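Residues per chain are reported as follows:
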Amino acid sequence: MRNVFKEGDSWYRTGDLMRRDEAGFYYFVDRVGETYRWKGENVSTAEVLTALTAAPGVVDGVVYGVTVPAPTAAPELRRWSSTENSIWRRFERHCAAPSAYARPVFLRLLRSIETTGTFKPRKQELMQEGFDPARISDPLYFDDPRSQRYVPLDASLFAAISAGSIRV
């Protein structure tokens, strides 16, 4: 990038957020794009992912924003059955571990996480699909503020959220 702070300067854009101390040394702070702003707070996707992957039965996960915008988590579970209430309830309680502002609004349960050639999760495809149950075959859940529980996300609930009748 050229002419960022003054005429004639040049900078290399790495995607990393750095800080500089009084002596002129640079320090890594965060990866740009690996955070999102939600309810007035900056939330690190790594913070949410750490809490998510510590839950019993979670193998891996992806945390990303969707266009509502709202934080969405996509855990890859060892096994999944919606009738296994004890496993689901433990997982749901575990999702309360991050700060209230960092609790995922949507959960998309994945059988496996697709990765790039460098083994990074393919977030872009997940973000583009959003949280529309008509576009997604994976089980979707919504952190319903009325019941303070994750409930299945169906077409009518999606329509209510999209119309603003239910606030996230």
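Located above this text is the structure these notes cover.
As the structure is a computational prediction, the values presented were derived from the model and not from experiment. (Residues numbered from 1 in each chain as written. Predicted model: local features only at pLDDT ≥ 70, side-chain atom pairs only at ≥ 80, totals over all residues. Heavy atoms only, no water.)

**Describing the nonpolar core**
Right, so step 1: Judged by nonpolar contacts, the single largest core of 22 residues is most densely connected at Phe106, Phe131, Phe142, Leu153, Leu157, Ile161 and Ile166.
Right, so step 2: No other element matches the four residues that strand S5 (residues 58–66) contributes to this core.
Right, so step 3: Apart from the residues within four sequence positions on either side, Ile166 is in contact with Phe142, Arg146, Leu157, Ala160 and Ile161. (Core = buried A, V, L, I, M, F, W, Y, C linked by side-chain atoms within 4.5 Å. Buried < 20%, exposed > 50% of the residue type's maximum accessible area, 1.4 Å probe, protein only. Helix = DSSP H or I, 4+ residues; strand = E, 2+ residues; numbered from the N terminus. Contact = heavy atoms within 4.5 Å.)

**Things to note about the environment of Leu49**
Right, so step 1: Structurally, Leu49 is set in helix H1 (residues 45–53).
Right, so step 2: Residue Leu49 is classed as partly exposed on the basis of its relative accessible area, which comes to 25%.
Right, so step 3: Separated by 55 residues in the primary sequence, Leu49 and Pro104 have C-alpha atoms spaced 9.9 Å apart.
Right, so step 4: Ignoring sequence-local partners within four residues, the contact set of Leu49 consists of Gly61, Val62 and Val63.

**Some words on the pairing of strand S8 (residues 140–144)**
Right, so step 1: Counting buried residues in S8 gives five out of five residues, a clear majority hidden from the surface.
Right, so step 2: Alternating positions in S8 separate into two faces, Leu140, Phe142 and Asp144 on one and Tyr141 and Asp143 on the other, with burial throughout.
Right, so step 3: With three bridges connecting them, strand S7 (residues 106–108) and S8 associate as antiparallel partners. Within S8, the position partnered with Arg108 by the bridge is Leu140.
Right, so step 4: By the bridge criterion, four bridges tie S8 to strand S9 (residues 149–152) in an arrangement that is antiparallel. Bridging across to S9, Phe142 finds its partner in Val151.
Right, so step 5: Following S8, the chain reverses through four residues before pairing antiparallel with S9; Gln148 in that reversal takes a positive phi of roughly 55 degrees. (Pairing = 2+ DSSP bridges.)

**Looking at the pattern of salt bridges**
Right, so step 1: Under the criterion given, the structure shown has four salt bridges.
Right, so step 2: The closest approach of N and O atoms between Arg108 and Glu129, which form a salt bridge, is 2.7 Å. One end of the pair, Arg108, is in strand S7; the other, Glu129, is in helix H3 (residues 123–129), and 21 residues separate them in sequence.
Right, so step 3: What makes Arg108 buried here is its relative accessible area of 5%.
Right, so step 4: Residue class for Glu129 comes out partly exposed when judged on its relative accessible area of 24%. (Salt bridge = Lys/Arg side-chain N within 4 Å of Asp/Glu carboxyl O.)

**Some thoughts on unusual backbone geometry**
Right, so step 1: The phi dihedral of Phe119 is positive, around 65 degrees, even though this residue is not glycine.
Right, so step 2: Turning to its location among the elements, Phe119 is positioned in the loop between S7 and H3.
Right, so step 3: For Phe119, a relative accessible area of 69% puts it in the exposed group.
Right, so step 4: The phi angle at Gln148 is positive, at roughly 55 degrees, despite the residue not being glycine.

**Examining the packing of aromatic side chains**
Right, so step 1: In total, this model carries three aromatic pairs according to the counting rule given.
Right, so step 2: Their ring planes at 35 degrees and their centres at 5.6 Å tell us that Phe106 and Phe142 sit as a pair that is tilted. Highlighted residues: Phe106 in strand S7 and Phe142 in strand S8, separated in sequence by 36 residues. No difference in accessibility class separates Phe106 from Phe142, as the two residues are buried. (Phe/Tyr/Trp six-rings, centres within 6.5 Å; stacked < 30°, edge-to-face > 60°.)

**So, the side chain of Asp138**
Right, so step 1: Relative to the elements of secondary structure, Asp138 occurs in the loop between H3 and S8.
Right, so step 2: A distance of 2.9 Å separates the side chain of Asp138 from the side chain of Arg108, its partner in a polar contact.
Right, so step 3: Setting aside chain neighbours within four positions, we find Asp138 in contact with Arg108, Leu109 and Leu110. (Polar contact = N/O pair within 3.5 Å; in protein donor to acceptor, adjacent residues only side chain to side chain.)

**Some details on H1**
Right, so step 1: Buried residues of H1: Thr45, Val48, Ala51 and Leu52, and no others. Axial view of H1: buried residues confined to an arc of 135 degrees, hence all on one face. (Arc of directions from axis to C-beta.)

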